[in-house]
Amino acid sequence: MNPRACETIEPALSALADRELFGAERETVVGHVAVCETCRRTLEDYRLVGAALREGIQIGSERDLSAITWPPRLAHAPSPPLTRWQRLIYDVTRWVDPWPVLAGAAALIALVVGVWLVQPAPSPVNMVEIERVDAEGPVMVIPGSGGKMTIIWLFDADDQPDVTPTPI
Amino acid sequence: MRRTAPSIRALAVLLVAQLAVTGLGWSQTPVNLTVQVIHASNTGTTVDPALAKIRSQLGSMKYSSYKLLETRPFSTTVGAKHAMPLPGGKTLDLYPYGLSGGGLELMVTITDGAKRLLDTTFRLANGATILVGGPAYADGVLIVAISGSF
């Protein structure tokens, strides 16, 4: 038999064994198998293998699966669903470590508060502010020198100031 | 139990310590007061050269002579009381009792024996001066100049 003819026919033998070959192609392959001992054996092998596979599937489908001892399932309760905030925190902390950010924010707040507490308060416009004056006699308060200096003048009880007192 | 990051705890301790130091430091603020005692009279026309800084204010008074009798600086703190004798048996009491609005809160009394000639409280800005005049002394009056720096 021409070996080249066998190489051409051999791929069609599997289809012939599975009864998937029809028409002229089938007649060609059958004609060749009738005269070629090698291809006839190959066809017989395909038929045996196919029968064995079909029988195995049939046997497998008829097995009692309840006889199988399955591995035990892991016994842990399902996690409750995350709330909206938990999901947000999870999404943020998944990518960014929050502690350096919080530490930096705390340090910034401490710095701002510290500067605010340490800085000197602005000087009053009037550099001497009289809050209260009690005296034995009449008193006159005279602001002067652009508010930088103030005079409190005490008079004797029987003495009267010769200028109008500045209201306190 | 929830755990706090060590860095957060350290920052919290520093913040509390800073606030405590700042708050407690208020009463430890150094205060420098200067009291000048001046005798004003109409005897002569001299003005003590040491009174150059307040000469313009003295010029608005009705006296022709101003003599510096004493200059006494006080280095003190807020909350400390000081008493200073004045000529003629009078006494000046100084009590810096607080700091607010950028000024030193000061209570000043002048007594002459049992008589309270003056009892006043005021706020003195840094570098400002207050003059208290009028108590009779010799042939004129006493003027007390109080200035502060802090």
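Remember, predicted model here, so these are calculated numbers, not experimental data.

Comments concerning the overall build of chain B
Next, step 1: Regarding its fold elements, chain B presents two helices and eight strands.
Next, step 2: Helices (α) and strands (β) of chain B occur, in sequence order from the N terminus, as α-β-α-β-β-β-β-β-β-β.
Next, step 3: Out of the 150 residues belonging to chain B, those deemed buried represent 43%.
Next, step 4: Pairs at least 24 apart in sequence give 46% of the contacts found in chain B among residues at least 6 apart.
Next, step 5: As displayed, chain B has an accessible area near 7,400 Å², and 58% of this comes from carbon and sulfur atoms.

So, the side chain of threonine 109 of chain B
Next, step 1: With respect to the helices and strands, threonine 109 of chain B occurs in strand β5 (residues 103-112).
Next, step 2: Ignoring anything within four residues of it in the chain, the contact list for threonine 109 of chain B reads Thr91, Leu92, Asp93, Arg116, Leu118 and Asp119 of chain B.

A look at the interface of chain A and chain B
Next, step 1: Contact residues are listed per partner, giving 31 residues for chain A and 42 residues for chain B.
Next, step 2: Between the two partners, chain A and chain B, sit two salt bridges.
Next, step 3: With its nearest N and O atoms 3.2 Å apart, the salt bridge here joins arginine 132 of chain A to aspartate 119 of chain B.
Next, step 4: Joining chain A to chain B, the criterion identifies 14 residue pairs in polar contact (both at pLDDT 80 or more).
Next, step 5: Breaking the side of chain A that touches chain B down by element, the ones donating at least two residues are α5 (98-118), β1 (128-135) and β3 (149-154) of chain A.

Overview of the sheet that holds strand β2 (residues 65-77) of chain B
Strand pairing within a sheet occurs via backbone hydrogen bonds; the two strands may be parallel or antiparallel.
Next, step 1: Taken in spatial order, the six strands of this open sheet run β2(A)-β3(A)-β7(B)-β8(B)-β1(B)-β2(B), and their pairing is mixed. At either end of the open sheet lies a strand with only one pairing partner, and these are β2 (139-144) of chain A together with β2 of chain B. Neighbouring strand axes in the sheet, compared pairwise and without regard to direction, differ in orientation by 20° on average.
Next, step 2: Here six bridges tie β2 of chain A to β3 of chain A, and the two strands are oriented antiparallel to one another. Looking across to β3 of chain A, one finds that methionine 140 of chain A is bridged to tryptophan 153 of chain A.

Some details on the sheet that holds strand β6 (residues 115-125) of chain B
Next, step 1: Strand order in the open sheet formed by five strands is β1(A)-β6(B)-β5(B)-β4(B)-β3(B), and the pairing between neighbours is antiparallel. Among the strands making up the open sheet, the edge pair consists of β1 of chain A together with β3 (82-86) of chain B. Adjacent strand axes in the sheet meet at a mean angle of 20°, parallel and antiparallel pairs treated alike.
Next, step 2: Note that β5 of chain B and β6 of chain B share ten bridges and pair antiparallel. Paired with threonine 111 of chain B across the two strands is arginine 116 of chain B, which belongs to β6 of chain B.

Structural notes on unusual backbone geometry
Next, step 1: The backbone phi angle of arginine 19 of chain A is positive, close to 60°, even though this residue is not glycine.
Next, step 2: The topology assignment puts arginine 19 of chain A in the loop between α1 (3-17) and α2 (23-35).
Next, step 3: Phi is positive for alanine 138 of chain B, close to 50°, though the residue is something other than glycine.
Next, step 4: One can find alanine 138 of chain B in the loop between β7 (129-137) and β8 (140-149).

Some points on the confidence of the model for chain A
Next, step 1: Across chain A, the average pLDDT comes to 79, with 76% of residues at or above 70.
Next, step 2: Note on residues 163-168 of chain A: pLDDT under 50 across the span, and ten contacts to partners over four residues away in sequence or across chains.

Topic: the layout of surface pockets
Next, step 1: Quantified by volume, the second largest pocket comes out at close to 340 Å³.
Next, step 2: Around the second largest pocket sit 15 residues that line it, and Met149 of chain A together with Lys53, Ile54, Thr129 and Ser147 of chain B are the ones nearest its centre.
Next, step 3: Put simply, the parts of the chain that give the lining of the second largest pocket at least two residues each are β1 (30-41), α2 (55-58) and β8 of chain B.
Next, step 4: Grouping the constituent residues of the lining of the second largest pocket by class yields five nonpolar, eight polar and two charged.

Section: the nonpolar core
Next, step 1: Ranked by size, the top nonpolar core spans 32 residues in total, and within it Ile152 of chain A together with Val35 and Leu92 of chain B carry the most contacts.
Next, step 2: No other element matches the five residues that β6 of chain B contributes to this core.
Next, step 3: Setting aside residues no more than four positions away along its own chain, leucine 92 of chain B makes contact with Val35, His82, Ala83, Met84, Leu86, Val108, Thr109, Ile110 and Val144 of chain B.
Next, step 4: Core analysis: the next-biggest nonpolar cluster, separate from the first, contains 18 residues, Phe155 of chain A together with Ala40, Ile54 and Leu68 of chain B among them.

Focus: the pairing of β8 of chain B
Residues and elements named next belong to chain B.
Next, step 1: Burial analysis of β8 places eight of its ten residues in the buried class, the great majority of the element.
Next, step 2: Here ten bridges tie β1 to β8, and the two strands are oriented antiparallel to one another. In the sheet register, threonine 34 faces β8, and the bridge partner there is serine 147.
Next, step 3: Inspection of the sheet shows β7 paired to β8 by seven bridges, in the antiparallel sense. Bridge pairing in β8 places tyrosine 137 opposite glycine 140.

Basis of the calculations
Residues numbered from 1 in each chain as written. Chains lettered and ligands numbered in written order. Predicted model: local features only at pLDDT ≥ 70, side-chain atom pairs only at ≥ 80, totals over all residues. Heavy atoms only, no water. Helix = DSSP H or I, 4+ residues; strand = E, 2+ residues; numbered from the N terminus. Buried < 20%, exposed > 50% of the residue type's maximum accessible area, 1.4 Å probe, protein only. Contact = heavy atoms within 4.5 Å. Areas by Shrake-Rupley, 256 points an atom, 1.4 Å probe, with all protein chains shown as cover. Salt bridge = Lys/Arg side-chain N within 4 Å of Asp/Glu carboxyl O. Polar contact = N/O pair within 3.5 Å; in protein donor to acceptor, adjacent residues only side chain to side chain. Pairing = 2+ DSSP bridges. Axes fitted to C-alpha atoms, helices over the stretch in contact; angles between N-to-C directions. pLDDT = per-residue confidence, 0-100. 1 Å grid on protein atoms, 1.4 Å probe; cavity = no way out; pocket = protein on both sides within 12 Å on 5 of 7 lines; lining within 4 Å. Points joined across faces, edges and corners; volume = space filled by probe spheres on them. Nonpolar A, V, L, I, M, F, W, Y, C, P; charged D, E, K, R; others polar. Core = buried A, V, L, I, M, F, W, Y, C linked by side-chain atoms within 4.5 Å.

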